[in-house]
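So you can see what is in the structure, the chains are spelled out below.
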Amino acid sequence: MWTCKTTWKKLAPLARTCSTLCRQNARRTVLNSDRRLPMVTQAHMSSGTPGSGGDNNLYYLLVGATCIAGGFYAYRTIKGDQERYNERMNEIASRANKVAEQAETYLPEEPRGDEAVETPEEPSPVAESPPAETAEPQTTTVTESAADPATDEPTNVPPPAPVEFPSHAPYLLIGGGTASFAAARSIRARDPGARVLIITDEPDLPYMRPPLSKELWFSDDPGVVDTLRFKQWNGKERSIYFQPPSFYVSPQDLEKVENGGVAVLTGKKVVHMDVRGNKVTLSDNTEISYDKCLIATGGVPRNLQVIERAGEEVTKRTTLFRKVEDFKALNKVSRDTKSITIIGGGFLGSELACALGRRSADSDLEVIQMFPEKGNMGKVLPEYLSNWTTAKVRSEGVRVITEALVKGVSFKDGKVEIKLKDGRVVKTDHIVAAVGLEPSVELAKSAGLEVDSDFGGYRVNAELQARSNIWVAGDAACFYDIRLGRRRVEHHDHAVVSGRLAGENMTGANKPYWHQSMFWSDLGPDVGYEAIGIVDSSLPTVGVFAKATAKDTPKAATEKSGTGIRSESETEGTASSTATSSTPAPPPEPQQKDDYGKGVIFYLRDKVVVGIVLWNVFNRMPIARKIIKDGEEHADLNEVAKLFNIHED
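Right, let's walk through the structure included here.

Conventions we followed
- Residues numbered from 1 in each chain as written.
- Predicted model: local features only at pLDDT ≥ 70, side-chain atom pairs only at ≥ 80, totals over all residues.
- Heavy atoms only, no water.
- Helix = DSSP H or I, 4+ residues; strand = E, 2+ residues; numbered from the N terminus.
- Buried < 20%, exposed > 50% of the residue type's maximum accessible area, 1.4 Å probe, protein only.
- Contact = heavy atoms within 4.5 Å.
- Areas by Shrake-Rupley, 256 points an atom, 1.4 Å probe, with all protein chains shown as cover.
- Expected span 1.5 Å × (residues − 1).
- Arc of directions from axis to C-beta.
- Salt bridge = Lys/Arg side-chain N within 4 Å of Asp/Glu carboxyl O.
- Pairing = 2+ DSSP bridges.
- Axes fitted to C-alpha atoms, helices over the stretch in contact; angles between N-to-C directions.
- Right-handed = clockwise from strand over helix to strand, strands pointing away.
- Left-handed = near helix turned anticlockwise from the far one by under 90°.
- Polar contact = N/O pair within 3.5 Å; in protein donor to acceptor, adjacent residues only side chain to side chain.
- Nonpolar A, V, L, I, M, F, W, Y, C, P; charged D, E, K, R; others polar.

**Describing the overall build of the chain**
Regarding its fold elements, the chain presents 17 helices and 28 strands. For the chain, the proportion of its 649 residues judged to be buried stands at 44%. Once local pairs closer than 6 in sequence are excluded, the contacts in the chain between residues at least 24 apart make up 67%. Surface accessibility of the chain: about 33400 Å² in total, with carbon and sulfur atoms responsible for 51%.

Listed below in structure tokens is the structure:
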């Protein structure tokens, strides 16, 4: 009764207001049309006596009842929503207690979880970290309770203690590649107490990808597949991992460590982003909230549709080269099979062709490379230099098939048959598809992020920000270059620089991305090049070459710089390095035909240099960067080439 009375007090003014509005509208209608309502007489409207004007009273009654019913419905709806909200809050508040109860239920009494990790004699569900100096690959996995697959119920085997996820990460980095690691270091440099969580679907800690197609293949160590350590061209040995396991903190300790740190959650994939709620959902339905988030998911290798449609037997004999597992698998294939065919003539395909070709000199392995262009790197290098590169690849023992368009792939008589459009047929044991990279943008739909229709990847602003509290770096970022327009770059140096800048901006730097990233490729220890800007063979080019010396090789360049990953030293250079030599450069020496020992290739658009390739010329990238940044027309590019000192011995 008290509730009804209270409700009426709240709704009565609304009902009276509605009735008043109805009367006013009725009077306004009569005045405007200069006629009476047929159902109501004038006497009844003005001074009807009690009991008269029954139709008018019925009208008011219906209006009032409708208003009361609507108000009651609104009240019940609001009250129901409040009850559901309270239930939801109670459920969220009780999650921590449920997790603690489950942990107590599944935690074995002897030995305790923390004692099991420290005691070498006892089996431990958490893998013990190897010594820091070995830099072995370390995976931070989440161990689940043993269960019967038929009933999905826990078995009688005592389950291990579950690893706790951090429920919140101030800095959440999605992806475990170069961009994520660069961002993590940048965040920690500006915010020493920051807590950074990296989530990756790979089982490995962050590592560099370039050695997977370069130095690792030239190692003399038979255990290189396990150690993933290699000798650089300068003879120094290092691991592909950026840091040893001791550098990181465990995910379950991230919220507890006093001075923060970087934790890596491996083997987990982010499948959904709630941008409004600032949280992500993992593949096992775990939710983690964040304050700032970086998307550095990189990309996945493209495949040919004819291979995808060829069936299971062909798929099993095809490698899409990208990760550590791909390197290990292809290394095993190269030792167990007699023939490998690489489809693709770009950077990755040419590097793998040279690496496998050199290995074939000590075995019976046949290495075939095919691509639709007229020469290796035909989309990047001018035709004359592309043809020279093709001859270099053939000299490594590779059978190169140019102008090859794959029409169909099938498996017959224990061999993979590749049918070309011109009728040629190539039989092989294994295929390596190196036909490009597709940026990973699966989170765009759930996060409401824009994907560029021309270049792919997430569209970001000058600060690499996609939305409030969300940044993108590396291969997945489509950014605006103030000099060259909107671009998307898939190279190591761009991942380093964009990741570093995104990390700075996540801590409040608000810096624009203006850096011209470089990339490099090595065809073994003797031939290599570095490039910057737009290098497209369809653009007009001007090449200036000189006679090469023993110092003009990737091996000599790394001996001088002390690092095999050239961008690690190159990005520290500044544009002030464009000063010319104090001594005048000698005139270009006459060259023999098809002798491109070292030189500089300028790519022009509207008579302005937009790209530069340094062919066997190293540690001169800051000069090239400044030339592109200036954006000036040059009357004589031979004079510009002197800035690179290519004529010095």
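**Looking at helix 11 (residues 383-395)**
Here helix 11 is 13 residues long and its end C-alpha atoms lie 18 Å apart, about the 18 Å a rise of 1.5 Å per residue gives. Within the sequence span of helix 11, burial applies to L385, S386, T389, T390, K392 and V393. Taken down its axis, helix 11 places every buried residue within 160° of arc, on the same side. Every exposed residue of helix 11 that faces more than 90 degrees away from the buried side is listed here: E383 and S395. In the core, the buried residues of helix 11 are packed alongside helix 10 (347-360), strand 12 (366-370), strand 13 (398-401), strand 26 (541-546), strand 27 (598-605) and strand 28 (608-615). Backbone geometry just downstream of helix 11 places G397 in the positive-phi region, at approximately 95°.

**Digging into the pattern of salt bridges**
Taken as a whole and judged by the stated rule, the model has 24 salt bridges. In this structure, E417 and K427 form a salt bridge, with 3.8 Å as the shortest nitrogen-oxygen distance. One end of the pair, E417, is in strand 15 (residues 415-420); the other, K427, is in strand 16 (residues 425-428), and ten residues separate them in sequence. Using a relative accessible area of 11% as the deciding quantity, one classes E417 as buried. By sharing partners, the salt bridges in this structure join E313, K316 and R317 into a single network.

**Comments concerning helix 5 (residues 178-190)**
In a regular helix each residue adds 1.5 Å, so 13 residues correspond to 18 Å; helix 5 covers 19 Å between its end C-alpha atoms and thus fits that length. All of the buried residues in helix 5 are T178, A179, S180, F181, A182, A183, A184, S186 and I187. Where helix 5 is buried, its residues touch strand 1 (168-174), strand 2 (195-199), strand 5 (261-265), strand 8 (287-295) and helix 13 (492-506).

**Description of the sheet that holds strand 11 (residues 339-343)**
In space, the five strands of this open sheet follow the order 10-17-11-12-13, with parallel pairing throughout. Since the sheet does not close on itself, it has two edges, and those belong to strand 10 (318-320) and strand 13, each with one partner. For this sheet the average axis-to-axis angle between neighbouring strands, irrespective of direction, equals 20°. As paired elements, strand 10 and strand 17 (residues 430-433) share three bridges and run parallel to each other.

**A short note on the pairing of strand 12**
Across the five residues of strand 12, four count as buried, placing the element largely inside the fold. The pairing of strand 11 with strand 12 spans five bridges and is parallel. The residue of strand 12 that forms the bridge with T341 is I368. Once the chain exits strand 11 it traverses helix 10 before rejoining the sheet at strand 12, and the crossover so formed is right-handed. Taken together, the four bridges between strand 12 and strand 13 define a ladder with parallel strand orientation. Following the sheet pairing, M370 is matched in strand 13 by I401.

**What to know about the packing of helix 9 (residues 324-336) against helix 10**
Each pair of packed helices gets described by two things: the angle between the helix axes and the distance between those axes. Running from N to C, helix 9 and helix 10 cross one another at 40°; their axes reach a closest spacing of 11 Å. The two elements helix 9 and helix 10 cross, and the hand of that crossing is right-handed. On helix 10, the residues touching L330, N331, S334 and R335 of helix 9 are L352, L356 and R359.

**What to know about the side chain of S239**
Checked against the element boundaries, S239 lands in strand 4 (residues 237-239). A polar side-chain atom of S239 sits 3.1 Å from the main-chain amide nitrogen of Y241.

**Here's the deal with the packing of helix 5 against helix 13**
Two elements in contact, helix 5 and helix 13, have axes whose closest approach is 7 Å; the angle formed by their N-to-C orientations is 35°. Handedness of the crossing formed by helix 5 with helix 13: right-handed. Only H492, A495, V496, G499, R500, G503, E504 and M506 of helix 13 make contact with helix 5, whose side of the interface consists of T178, A179, A182, A183, S186, I187 and R190. Residues belonging to the contact of helix 5 with helix 13 are distributed by class as follows: seven nonpolar, five polar and three charged.

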